[in-house]
Every structure is written in C-alpha cells, then in structure tokens.
Amino acid sequence: EFKLLPGSTDDLVGYQAPEPMEDTPIYDIQSDAVSIGTIVMLEGVVASTGFTWSDSAEASFFVQEPTGGARSGIQVFVADTTGLDIAPGDELTIV
C-alpha cells in the first residue's frame, strides 16, 4: 500500500477536499458497494474503541453503526492524531 502525504502544511495551501454527497452506511463499504477511492461520510457512527497504535506513526480506531448488525463496523486509520481525542461511545461524523 502506498500513501502520498504532504511534506508540510504549505503543501495544503488553497486545497479544498471534495465533499461527499450523503451519509454512507458502513454495510455498503463492507459489501464493496462503494468503489475504492470514493470519498465517503460516516454520519452518527459510534466509536467502539479509542486509538490503537502499531509500530508505525499511524493510529486507528473502530466505529460501528449505532443499530449494529452484520458488517456494521469498520476500522478507521488516522495519519495524524494531533488534537483528536476518541473514546468508546463517542458519536462521530467522519469524512
């Protein structure tokens, strides 16, 4: 897996991320109904863990749909956790 990251915040000057159209159910992502590379919004999902770290600088956490069910959870990777505080039970909107 390859990732391109900005070298500094100067690389982001003037950049505006595209907006997703609507809330995407986690089930759709897990079922491959959403194409790879598509920008999605997960609205009203619940954190099921706080941050977990590996040997890399990245962190991740898990979220799930509040209603539960099959394929209702997903792992979220975060390259920079500065200013983020995620705890189990937090209701989140993620783009």
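Just so you know, these numbers come straight off a predicted model, no measurement behind them. (Residues numbered from 1 in each chain as written. Predicted model: local features only at pLDDT ≥ 70, side-chain atom pairs only at ≥ 80, totals over all residues. Heavy atoms only, no water.)

**Some thoughts on the packing of aromatic side chains**
For clarity, the cut-off: What counts as a ring pair is set by centres within 6.5 Å for rings of Phe, Tyr and Trp (its six-membered ring), and what kind of pair is set by the plane angle: stacked under 30 degrees, edge-to-face over 60, tilted for all other angles. Starting at the N terminus, helices and strands are each numbered in turn, a helix being any DSSP run of H or I of at least four residues and a strand any DSSP run of E of at least two.
The tally for this structure, following the rule as stated, stands at one aromatic pair. Seen from their ring centres, Phe-51 and Phe-61 are 5.6 Å apart, and the 90° between their planes marks the pair as edge-to-face. One end of the pair, Phe-51, is in the loop between strand S1 (42-47) and strand S2 (52-53); the other, Phe-61, is in strand S3 (residues 59-64), with ten residues separating them in the sequence.

**With respect to the nonpolar core**
Put simply, the rule is: Here, nonpolar core refers to any group of buried Ala, Val, Leu, Ile, Met, Phe, Trp, Tyr and Cys residues whose side-chain atoms link them within 4.5 Å. Summary of the burial criterion: residues with accessible area below 20% of their type's maximum are buried, those above 50% are exposed, and those between are partly exposed, where the area comes from a 1.4 Å probe applied to protein chains only. Residue contacts are defined here by distance: any two heavy atoms, one from each residue, within 4.5 Å place the two residues in contact.
Of all hydrophobic cores here, the largest spans 14 residues; its most connected members are Leu-42, Val-45, Phe-61, Val-63, Val-76, Leu-92 and Ile-94. Those elements that place two or more of their residues in this core are S1, S3, strand S4 (73-78) and strand S5 (91-94). Excluding its chain neighbours within four sequence positions, the residues that come into contact with Val-45 are Ile-26, Val-63, Gln-64, Glu-65, Pro-66, Asp-90, Glu-91, Leu-92 and Ile-94.

**Re the pairing of S3**
The following threshold applies: Think of it this way: DSSP has to see at least two bridges between two strands before they count as a pair.
Examined bridge by bridge, S1 and S3 share two bridges and lie antiparallel to one another. Counterpart to Val-46 in the pairing with S3 is Gln-64. Where S2 lies against S3, two bridges are found, and the strand directions are antiparallel. Within S3, the position partnered with Thr-52 by the bridge is Ser-60. Bridge analysis of S3 against S4 gives six bridges, and the strand direction is antiparallel.

**Brief notes about the environment of Gln-64**
Checked against the element boundaries, Gln-64 lands in strand S3. Separated by 16 residues in the primary sequence, Gln-64 and Ser-48 place their C-alpha atoms 6.7 Å from one another. Apart from the residues lying within four places of it in its own chain, the contact partners of Gln-64 are Ile-26, Val-45, Val-46, Ser-48, Ser-72 and Gly-73.

**Topic: the environment of Asp-23**
The following threshold applies: Any pair of nitrogen or oxygen atoms within 3.5 Å is treated as a polar contact; in protein, a donor-acceptor pairing is required on top of that, and neighbouring residues in sequence qualify only through side-chain atoms on both sides.
If you trace the backbone, Asp-23 turns up in the segment before helix H1 (26-30). As for Asp-23 and Glu-43, which are separated by 20 residues in sequence, their C-alpha atoms are 5.6 Å apart. With near-sequence residues (within four places) excluded, Asp-23 lies in contact with Met-41, Leu-42 and Glu-43. Among the polar contacts listed, one links the side chain of Asp-23 to the backbone nitrogen of Glu-43, at a separation of 2.9 Å.

Treat this as a map of the structure, not an account of what it does.
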